[in-house]
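# A closer look at the structure
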Amino acid sequence: MVRMRSDPRTRAYVARRTTEGKSTKEIHRCLKRYIVRELYPLILADLQDAAVAA
């Protein structure tokens with residue numbers, strides 16, 4: 001929710017979804033999925049790094 005106010009990429013994403021006619025609740029759901037798609041590869045890479053170091 002903080003990203004909706006401060007991050008320019010997220011603000012553009014929310015604006016695009018709003019013009020598509022999505023409700024605020026739908027935008028929150030989509031935004032969560034958007035963030036997970038961004039973070040998941042980073043989490044996997046960190047886990048692989050930890051496994052190699054161990």
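Everything that follows concerns the structure shown earlier in this document.
First, a word on scope: everything that follows refers to the structure included in this document. (Residues numbered from 1 in each chain as written. Predicted model: local features only at pLDDT ≥ 70, side-chain atom pairs only at ≥ 80, totals over all residues. Heavy atoms only, no water.)

### Focus on the pattern of salt bridges
Applicable threshold: The term salt bridge refers to a pairing of a side-chain nitrogen on Lys or Arg with a carboxyl oxygen on Asp or Glu at a separation within 4 Å. Where helices and strands are cited, they refer to DSSP runs of H or I of at least four residues and of E of at least two residues respectively, numbered from the N terminus. Partly exposed describes any residue whose relative accessible area lies between the buried limit of under 20% and the exposed limit of over 50%, with all areas from a 1.4 Å probe on protein chains only and scaled to the type maximum.
Within the structure shown, the criterion is met by three salt bridges. Note that Arg-9 is salt-bridged to Glu-38, the shortest N-O span being 3.5 Å. With Arg-9 in helix H2 (residues 8-19) and Glu-38 in helix H3 (residues 24-53), this residue pair connects regions lying 29 residues apart in the sequence. With a relative accessible area of 47%, Arg-9 lands in the partly exposed category. We note a salt bridge from Arg-17 to Glu-20, for which the minimum N-O separation is 3.2 Å. Owing to a relative accessible area of 46%, Glu-20 belongs among the partly exposed residues under this scheme.

### With respect to the side chain of Arg-17
One can find Arg-17 in helix H2. Owing to a relative accessible area of 18%, Arg-17 belongs among the buried residues under this scheme.

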